[in-house]
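# Commentary on secondary and tertiary structure
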Amino acid sequence: MTIRNTDLTACLDRLRTTLGERLATGDSVREQHGKDWSRLPPALPDAVVFAESEDDVCRVLEACHEFGVPIVAHGNQSSLEGHILAIRGGIALNLTRMNQVLAVNEHDFDAVVQPGVTRKQLNQHLRDKGLFFAIDPGADATIGGMASTRASGTNAVRYGTMRETVTAARVVLPGGRVTRVGSRARKSSSGYDLVRLFVGSEGTLGIFTELTVRLHPIPEAVCVGACPFGAAASAIASVVDAMHMGLDVARIEFMDSLSIRMANSYSGLGLPVAPTLFVEFVGAPDHVDQQARAFGEIVAMHGALDFAWSRDPAERSRLWQARHESLYATTAWKPGAEVWRTDVCVPISRLADSIAAAQADIEGSGIDGKILGHVGDGNFHVAYLVDPKMESQRDAVRAMIARLNHQAIANGGTVSGEQGIGIAKLPYLLEEHGEMALEAMHLIKRALDPRGIMNPGKMGSEPSSLPKQATQS
Ligand SMILES: Cc1cc2nc3c(=O)[nH]c(=O)nc-3n(C[C@H](O)[C@H](O)[C@H](O)COP(=O)(O)OP(=O)(O)OC[C@H]3O[C@@H](n4cnc5c(N)ncnc54)[C@H](O)[C@@H]3O)c2cc1C
């Protein structure tokens with residue numbers, strides 16, 4: 001897709017008249033909207049619109065549809081796979097000014113928010129209501145961005161992902177028409193599930209202007225523990241047993257030795273350097289104590305070196321803050337090193353083998369790499385530290401990432417548990433989904449976005465953007 005200069009100029013002229021200073025074309029603002037956390041080269045939009053209302057979004061989608069100009073929605077720009085790069089130019093639609101919590105329905109356990117509300121902002125808003133919003137990626141992402149990437153985090157094992165969390169939304173479609181999808185009912189068997197179609201669609205089908213999200217009661221008691229092991233395999237075997245035995249786990253996270261070393265250095269965690277599980281139980285005080293004791297028995301059977309647990313809120317914040325800061329800790333570990341990272345998810349029975357294979361690959365490469373993950377879901381992340389002067393390390397990491405993704409698919413899993421496809425994961429889409437499923441996705445895309453202006457080139461939404469073979473990361 002190429003935009004003709006005359007079309008772009010006409011589109012910007014139209015939007016300048018309607019939006020005034022909410023349309024910006026300066027170099028620095030375009031640069032801020034042209035790079036992300038991935039290792040992909042920057043790609044700048046031609047202009048940035050700071051939307052302040054649904055009406056602004058409608059005006060932008062109407063003009064862009066008419067003139068064939070691409071649109072890339074922006075939340076807090078924390079996505080990791082090249083989602084927000086303007087690879088076909090066009091308009092970056094920044095939604096962070098649409099940041100009002102519109103309603104909290106305490107008795108129904110839901111909230112209605114604008115897309116630019118961040119997860120921390122929503123929880124701050126809820127602090128006196130005995131409720132909380134459970135989805136917690138490491139970054140303070142926007143609810144619109146999180147819905148669009150189907151994000152999750154440490155709480156997913158108990159509370160699910162954005163897929164289970166968004167129950168309704170208002171979405172602006174190409175051309176500027178607004179549609180309402182879903183409802184506030186706890187369940188529905190009415191019609192196609194359009195909420196789940198838009199959730200995870202990475203801004204390739206429409207723009208969220210309002211979202212209804214599930215909330216949860218703040219538990220009466222919370223118990224957290226950290227549990228070091230002599231070997232990663234013992235930690236993972238404990239997770240699998242705990243899940244099989246139906247322990248009421250709220251969070252269960254794995255961090256390998258290098259992850260712990262980095263967290264000790266960056267977040268002052270002060271834990272022994274060893275493959276470690278962080279675990280959390282929630283509920284009535286007796287219940288959490290009983291669950292922690294049962295967990296202690298499981299990990300003892302697997303040779304845990306220790307299991308210290310506590311109901312102290314300060315200890316809880318200390319552990320989870322360090323876990324959430326993990327990517328920042330990686331970036332700070334070796335100044336100048338390139339951080340290459342990936343995220344896969346496998347059925348829990350395949351988790352031990354998958355992590356062992358990733359670990360063996362890292363050890364064989366001589367490159368620093370760390371493994372951590374939301375292991376209760378079978379989801380783990382690998383981050384590699386590449387010396388930028390050594391092209392051979394880049395090649396080795398590319399090959400390791402490719403192997404990891406191929407193995408995840410071969411194990412019945414997915415190449416992205418939570419971070420999405422963007423551009424970086426395009427090479428694996430065909431292998432994971434197969435031709436017919438991709439064709440169905442393209443048909444949906446063409447029906448909703450016939451001019452192909454919505455975040456073009458991302459998530460496999462353009463057949464031509466899909467590599468023929470999955471060979472690179
Ligand atoms: C330190 C760190 C830790 C992270 N940890 C996790 C983690 O644990 N789990 C996890 O899932 N992710 C994690 N991420 C990735 C990231 O936080 C998520 O992908 C998040 O959902 C992106 O939200 P955002 O507001 O930053 O959106 P952006 O990055 O701005 O946008 C993400 C995508 O959504 C689209 N989009 C944004 N707003 C809208 C809208 N209103 N309507 C339609 N499309 C829209 C964009 O076009 C883009 O495709 C982490 C990132 C960092 C930097």
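These lines cover the structure that appears in this document, whether it is placed above or below. Since this is a predicted model, take the numbers as computed values, not measurements. (Residues numbered from 1 in each chain as written. Predicted model: local features only at pLDDT ≥ 70, side-chain atom pairs only at ≥ 80, totals over all residues. Heavy atoms only, no water.)

### Concerning the pairing of strand β6 (residues 110-113)
This is how it is decided: Relative accessibility thresholds used throughout: buried, under 20% of the residue-type maximum; exposed, over 50%; partly exposed, between the two (1.4 Å probe, protein chains only). In this text, helices come from DSSP runs of H or I with a minimum length of four residues, and strands from runs of E with a minimum of two, each type numbered from the N-terminal end. Two strands form a pair only when DSSP identifies at least two bridges running between them.
Alternating positions in β6 separate into two faces, Asp110 and Val112 on one and Ala111 and Val113 on the other, with burial throughout. Sheet analysis places strand β5 (residues 101-105) next to β6, joined by four bridges and oriented antiparallel. Along β6, the bridge assignment pairs Asn105 with Asp110. Two successive antiparallel strands, β5 and β6, enclose a turn made up of four residues, where Phe109 displays a positive phi of approximately 55°. In this structure, β6 lies alongside strand β10 (residues 207-214), joined through four bridges in antiparallel fashion.

### Regarding the pattern of salt bridges
Formally: For salt bridges, the criterion is a side-chain nitrogen of Lys or Arg within 4 Å of an Asp or Glu carboxyl oxygen.
Counting across every chain of the model gives 32 salt bridges. Measuring nitrogen to oxygen at the nearest pair gives 3.0 Å for the salt bridge that ties Glu280 to Arg316. Of this pair, Glu280 sits in strand β14 (residues 276-283) while Arg316 sits in helix α12 (residues 313-324); the two residues are 36 residues apart in sequence, bridging distant segments of the chain. On the basis of relative accessible area, Arg316 is assigned to the partly exposed category, the value being 29%. Salt bridges here are not isolated pairs; linked through shared partners, they connect Arg39, Glu338, Glu391, Arg394, Asp395 and Arg398.

### A word on the sheet that holds strand β2 (residues 47-50)
Selection criterion: We call two residues in contact whenever any of their non-hydrogen atoms come within 4.5 Å of each other. Here an axis means a line fitted to C-alpha atoms, over the contact stretch when the element is a helix, while the angle between two N-to-C directions is reported on a 0 to 180 degree scale.
Within the open sheet, the four strands sit side by side as β1-β2-β4-β3. Their pairing is mixed. Edge positions in the sheet fall to β1 (23-24) and β3 (71-74), since each of these pairs with one other strand and no more. Of the pairings in the sheet, the one linking β3 to strand β4 (residues 91-94) comprises four bridges and is parallel in character. Within the sheet, the bridge partner assigned to Ala73 lies in β4 and is Leu93. Where helix α3 (residues 54-67) meets the sheet, it contacts β2, β3 and β4, and its direction lies at approximately 165° from that of β4.

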